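# Notes for the structure review
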Amino acid sequence: MPEHAYDTYDHLISLLDSSSIDHRLIDHEPEGATEAVCALRGHPASEAAKCIVLRVKVDRRTTRHVLAVVPGDRRVDLDAVRALFAARYVGFSDPQTAERLARAVPGTVLPFSFDPDLELVADPDVVAQPKLYFNAARLDRSLRISGADYERLAKPRVERIAAPASASE
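Please read these numbers as outputs of a predicted model, since none were measured by experiment. (Residues numbered from 1 in each chain as written. Predicted model: local features only at pLDDT ≥ 70, side-chain atom pairs only at ≥ 80, totals over all residues. Heavy atoms only, no water.)

### So, the UniProt feature "domain: YbaK/aminoacyl-tRNA synthetase-associated" (unreviewed entry) in the chain
Note the threshold: UniProt positions are given in the numbering used here, feature names are shortened, and annotations may be inferred rather than shown by experiment. Working definition: helices are DSSP H or I runs of at least four residues, strands are E runs of at least two. Numbering for both runs from the N terminus.
UniProt annotation of "domain: YbaK/aminoacyl-tRNA synthetase-associated" (unreviewed entry) refers to residues 28-153 when read in the numbering used here. As a span, residues 28-153 carries 27% helix and 33% strand, and end to end its C-alpha atoms are 25 Å apart.

### Comments concerning the environment of Ala122
Rule in force here: What makes two residues a contact is simply this: any of their non-hydrogen atoms within 4.5 Å.
Note on placement: Ala122 falls in strand E6 (residues 118-122). Once the C-alpha coordinates of Ala122 and Arg157 are considered, the two residues, 35 residues apart in sequence, prove to be 6.2 Å apart. If sequence neighbours within four positions are ignored, Ala122 has contacts with Val69, Val127, Tyr150, Pro156, Arg157, Val158, Glu159 and Ile161.

### Regarding the environment of Val66
Counted only if it meets this: Buried, partly exposed and exposed residues are distinguished by accessible area as a fraction of the type maximum, computed with a 1.4 Å probe on protein chains only: under 20%, between the cut-offs, and over 50%, respectively.
Within the element layout of this structure, Val66 appears in strand E3 (residues 63-71). The class for Val66 is buried, based on a relative accessible area of 1%. Contact partners of Val66, with chain neighbours within four places excluded, come to Ile52, Val53, Leu54, Val56, Phe85, Leu118, Glu119 and Val121.

### Some remarks on the sheet that holds strand E5 (residues 89-92)
Sheet strands line up and pair through hydrogen bonds in the backbone, either parallel or antiparallel. Spelled out, the test is: If DSSP finds at least two bridges between two strands, the strands pair.
A sheet is described by the order of its strands in space; here five strands give the open sequence E5-E2-E3-E6-E9, paired in mixed fashion. Across the chains shown, the open sheet's two edge strands, defined by having one partner strand only, are E5 and strand E9 (157-158). The sheet contact formed by E6 and E9 spans two bridges and is parallel. Across the sheet, Ala122 pairs through a bridge with Val158, a residue of E9.

### Some points on unusual backbone geometry
Phi angles above zero are rare outside glycine, and Ser20 is one such case at about 55°. As for its position among the elements, Ser20 is in the loop between helix H1 (3-18) and strand E1 (24-27). Despite not being glycine, Lys155 shows a phi value in the positive range, around 55°. Within the secondary structure, Lys155 sits in the loop between helix H6 (147-154) and E9.

Okay, here's the thing in structure tokens:
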């Protein structure tokens, strides 16, 4: 795993500790897929934070990057994100850009942005969770905090961006 992934982990733990946020670390087998890691952690996917880095083309010259956070049993509604930013196009970021901006490898992306070029948007159903689980910038360790504490600490823009998962997902 790239060294910066562990730097991101340390940054997150320091942030939680300095903010006196109640949290629980959960060690498990290395896993990044939402359904599989939820089974390892022993909770429904609806309590997981699924984090997706998106490329948002506002116009021909302006591209923004958005970290979309939705419940683990849902998918990102690209049309909702496009409307939110009045954009021409919204799609998934390429893996290299996502890793650079999220400062984590795929499967370990946090529902926090530590890069000013990565805008954080979370669905209201994420911040409403009494228990919110996510990989902690590592495939072998996860965190549990409350959705309210997550919202207070991460300060996401809270907007309806989740849609039901399609039958093929």
